[in-house]
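Commentary on secondary and tertiary structure
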Amino acid sequence: MTESYLGISIPKELQKYKKNVIIPENNEPEVLRTDFGVKVVKDKDGNPTHAEYYSDNGDLLKKIFYKGSAISTIEHYRNSVLYSQEEYRSGLLYREMTYSCYGDIISNIKYCYNNKDKITSIRKTIKDNVYDVEYGYDDLMRVNSRILKYNNEIIEEQKYRYDILDRIVEYQDRNQIINVHKINQNNDMISYTITDKAGNTISVINKFLCTEYIGTELDLNGHKTTVHDKCYIDNILLKKPTTTKDDLDFAMSGIFRKLQEDQSIMNTKRFSKEDMIEKIIGEKIEQKYKVLPISMRKLQLLCNL
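Reference entry: report on the structure contained in this document. (Residues numbered from 1 in each chain as written. Predicted model: local features only at pLDDT ≥ 70, side-chain atom pairs only at ≥ 80, totals over all residues. Heavy atoms only, no water.)

**Remarks on the pattern of salt bridges**
Definition in use: Should a side-chain nitrogen of Lys or Arg be within 4 Å of a carboxyl oxygen of Asp or Glu, the pair is scored as a salt bridge. Note on conventions: DSSP H or I runs of at least 4 residues are helices, E runs of at least 2 residues are strands, and numbering of each starts at the N terminus. Burial classes follow relative accessibility: with a 1.4 Å probe on protein chains only, a residue under 20% of its type's maximum area counts as buried, one over 50% as exposed, and anything between as partly exposed.
For the structure shown, the criterion picks out 14 salt bridges. For Arg146, the salt bridge goes to Asp247, with nearest N and O atoms at 2.7 Å. Of this pair, Arg146 sits in strand β12 (residues 143–150) while Asp247 sits in helix α1 (residues 245–269); the two residues are 101 residues apart in sequence, bridging distant segments of the chain. Asp247 shares its class with Arg146; the two are buried. Here Lys240 ties to Asp166 by a salt bridge, and the two come within 3.1 Å at their closest N and O atoms. Separated by 74 residues along the polypeptide, Lys240 in the loop between β19 (223–227) and α1 and Asp166 in the loop between β13 (153–162) and β14 (168–172) bring together distant segments of the chain. Overall, Lys240 belongs to the partly exposed group, its relative accessible area being 40%. The exposure class assigned to Asp166 is partly exposed, which follows from its relative accessible area of 29%. A single network of salt bridges, built from pairs that share partners, joins Asp138, Arg142, Asp166 and Lys240.

As structure tokens, then:
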């Protein structure tokens, strides 16, 4: 049996029936490059086990392993040294691991799914620390809740509600509720309100002239002002969760920036452990505003004037 470009082997007894390409006279045969940096490795029975991918310089870039016709593992290399590995089960990403140049595991990420193959949780382990995000879904399989955990303790709970156009029109966490009242065709927010746990209500009305932003009217507990800042036509808290490892990292980054700020305050002002825990869980509302978008921090400053 001989290998064929058709992806199968043609028995020798059938080779004589194979049609050959006719080369026109006075023309050189076309030379096809066969070395595209991919090497298929087979077992002793001739079945492909994995494919190896190389750069133009000959450096190993990645290996893709197969179990039958399905991908089981993908290994990524830098300078021909393994730096990350992905494991798949039933076609779904199950685990990701990253390695140091010495082969030590730096991080381990595990994915869990529901019966509709939607991710329900992501767990990332770095040394002795465990970071989790858990997702809930509505009837249309849109993420309507996200719970963030650090070493199995809940540090944030977020809830989302969508409109008929699949846009988030309500966001809620432990410290605030955002209600969107009007969105334009460019998905810019025309008007929305933010109510925090202390009872403060911020009303935001963005004004446009022929689709051009001209300013924002703010109302904080009945006190009004007008500003010109395009930050108010968007809000990072209304971004849809993406159910990926990047979503976990993004969500955790804001939480831990806050923890670092609180730790710095505790070290300089000698807070007690109990005071620090109170700050971490958000019982002191003024600390919450340190991790909000700049537009909302401006509102907090306005409130204190």
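**A word on the packing of aromatic side chains**
Heads up, the condition is: Side-chain rings of Phe, Tyr and Trp (the six-membered ring for Trp) are treated as a pair once their centres are within 6.5 Å; stacked means planes under 30 degrees apart, edge-to-face means over 60, and tilted covers the remaining angles. As a reminder, the over-ring test applies to NZ of lysine and CZ of arginine, requiring each to be within 6 Å of the ring centre and within 35 degrees of the ring normal.
One pass over the full model with this rule turns up three aromatic pairs. Lying over the aromatic face of Tyr53, Lys62 brings its terminal NZ or CZ to 5.0 Å of the ring centre.

**Description of the nonpolar core**
Put simply, the rule is: In these notes, a set of buried Ala, Val, Leu, Ile, Met, Phe, Trp, Tyr and Cys residues joined through side-chain atoms within 4.5 Å is what counts as a nonpolar core. The contact criterion used throughout is that any non-hydrogen atoms of two residues lie within 4.5 Å.
Residues Ile122, Tyr135, Ile178, Val180, Tyr192 and Leu238 are the most contacted members of the largest nonpolar core, which totals 33 residues. A per-element tally of this core places strand β11 (residues 129–137) first, with four residues. Tyr192 has contacts with Ile178, Asn179, Val180, His181, Ile202, Ser203, Val204, Asn206, Tyr232, Asp234 and Asn235, leaving out every residue within four places of it along the chain.

**A short note on the pairing of strand β15 (residues 176–183)**
The line we're drawing: Only strands that DSSP links by at least two bridges are regarded as paired with each other.
As paired elements, β14 and β15 share three bridges and run antiparallel to each other. Within β15, the position partnered with Tyr171 by the bridge is Ile178. Hairpin connection, β14 to β15: the antiparallel pair is bridged by three residues. Of the strand pairs in this sheet, β15 and strand β16 (residues 189–196) are connected by seven bridges, and their pairing is antiparallel. The partner of Ile178 across the bridge, within β16, is Ile194. Hairpin connection of β15 to β16: five residues between the antiparallel strands, including Asn187 at a positive phi of 65 degrees.

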